[in-house]
Structure formats: structure tokens, C-alpha cells
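Okay, here's what each chain looks like letter by letter:
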Amino acid sequence: QVQLVESGGGLVQPGGSLRLSCVASGTVFGIRDMGWYRQPPGKQRDLVAVIRTDSSIVYAETVKGRFTISRDNAKHTVYLEMNSLKPEDTDVYYCHMIINPQGNYYTDYWGLGTRVTVSS
């Protein structure tokens, strides 16, 4: 059974930094996209950043130049380095991966979310 486990959220002052991590545990035959999303209360879940198998990256316009996504395929882990944080970055951040768990097909997996609060 594959599970995504996020860590690294917390409270930080405006202008500060945080690093989120997400690891896929269980049997993993392959991982395509790895990404981070965030969801404000009462709103849809929006893409923050995604890194694909070919290492191409897409960022939301609101985080370009401040956030950096990276992946470690050997560790089944994706990271999100967040710098110059703003109060409007406050949200629950969700990890997402497209994983082949059994050797024959790929499916979507989501973490439970980690809360990031930017406040003085």
C-alpha cells in the first residue's frame, strides 16, 4: 500500500523560509509527476509546482522566483523549498505523485497535507 507522507510545515514570519518534504512509502515501481498543491478554505486545490520525469518544471505564477521544487527518485521524495514567504502563502500544502505501485499501471496519490502559516 503506497502512502505519501509530508513534513516540514509550520509557522514562519513573512520573508522567512520553509522546506517541505514528501516521501512515498510502500512498493513503488515508478513515479511520473511529483508535485505540490495548496487549498485555501472553501476553494479548489491549486497547483503550486510540479516536476516531471524528464525534470521539466511548472510553477504557479504566484510562486515563481521564490519556490523551488526538486525530486530524489532513489528516495521517492519530492521537496519544495519556499523562500520569501508571504502571508498569502498561508495554506494547507498537499503532495501529489503519479505512481506505478504494482508494475502495470500508474495512478494518482495524495498526501494528507501539511499546514504552512506565514504570520508575524
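Residues numbered from 1 in each chain as written. Predicted model: local features only at pLDDT ≥ 70, side-chain atom pairs only at ≥ 80, totals over all residues. Heavy atoms only, no water.

Trainee: Which residues make up the environment of Gly30, and what are the values?
Mentor: With respect to the secondary-structure elements, Gly30 resides in strand 4 (residues 30-39). A C-alpha to C-alpha distance of 36 Å links Gly30 and Gly15, two positions 15 residues apart in sequence. In this view, Gly30 contacts Ile98, Ile99, Asn100 and Tyr106; residues no more than four positions away in its chain are not counted. (Helix = DSSP H or I, 4+ residues; strand = E, 2+ residues; numbered from the N terminus. Contact = heavy atoms within 4.5 Å.)

Trainee: Give me the side chain of Asp33: which residues, what numbers.
Mentor: Inspection of the secondary structure assignment puts Asp33 in strand 4. Polar contacts involving the side chain of Asp33 include one to the side chain of Arg52, which spans 2.7 Å. When neighbours within four sequence positions are excluded, Asp33 is seen to be in contact with Val50, Ile51, Arg52, Thr53, Arg71, His96, Met97 and Ile98. (Polar contact = N/O pair within 3.5 Å; in protein donor to acceptor, adjacent residues only side chain to side chain.)

Trainee: Describe the nonpolar core, with residues and values.
Mentor: Grouped together as the largest cluster of nonpolar side chains are 29 residues, with contacts concentrated most on Trp36, Val78, Leu80, Met82, Tyr93, Met97 and Ile99. At the level of elements, strand 3 (18-25), strand 4, strand 5 (46-51), strand 7 (67-72), strand 8 (77-82), strand 9 (91-100) and strand 11 (114-118) are the ones that each hand at least two residues to this core. Those residues in contact with Leu80, other than ones at most four positions away along the chain, are Leu18, Arg19, Leu20, Trp36, Val48, Ala49, Phe67, Thr68, Ile69 and Tyr93. (Core = buried A, V, L, I, M, F, W, Y, C linked by side-chain atoms within 4.5 Å. Buried < 20%, exposed > 50% of the residue type's maximum accessible area, 1.4 Å probe, protein only.)

Trainee: Residues and numbers for the pairing of strand 11, please.
Mentor: Residue alternation in strand 11 divides its side chains into a buried set, Thr114, Val116 and Val118, and an unburied set, Arg115 and Thr117. Where strand 2 (residues 10-12) lies against strand 11, three bridges are found, and the strand directions are parallel. In the strand pairing of strand 11, Val12 is matched with Val118. Taken together, the three bridges between strand 9 and strand 11 define a ladder with antiparallel strand orientation. Among the inter-strand pairings, Tyr93 is bridged to a residue of strand 11, identified as Thr114. (Pairing = 2+ DSSP bridges.)

Trainee: Tell me about the packing of aromatic side chains, and please be specific about residues and values.
Mentor: Scanning the entire structure with this criterion turns up one aromatic pair. For the cation-ring pair, Arg32 lies above Tyr106, with the distance from its terminal atom to the ring centre recorded as 3.8 Å. Positioned above the aromatic ring of Trp110, the side-chain terminus of Arg45 is 4.7 Å from the ring centre. (Phe/Tyr/Trp six-rings, centres within 6.5 Å; stacked < 30°, edge-to-face > 60°. Lys NZ or Arg CZ within 6 Å of the ring centre and 35° of its normal.)

Trainee: Break down the pairing of strand 9 for me, citing the residues and quoting the values.
Mentor: Counting buried positions along strand 9 yields ten of ten residues, so the element is predominantly enclosed. Pairing of strand 4 with strand 9, which is carried by eight bridges, proceeds in the antiparallel orientation. Across the sheet, the residue bridging to Gln39 is Val92, located in strand 9. As defined by bridge partners, strand 9 adjoins strand 10 (residues 107-110) across four bridges and the pair is classed as antiparallel.

Trainee: Summarise the state of the cysteines; cite the residues concerned and give the values.
Mentor: Under the counting rule described, the total for this entry stands at one disulfide. The partner cysteine of Cys22 in its disulfide is Cys95, sulfur to sulfur 2.1 Å. In this structure the cystine formed by Cys22 and Cys95 twists about its S-S bond by roughly -85°; its chirality is therefore left-handed. Within this pair, whereas Cys22 is found in strand 3, its partner Cys95 is found in strand 9, the two being separated by 73 residues in sequence. (Disulfide = S-S within 2.5 Å.)

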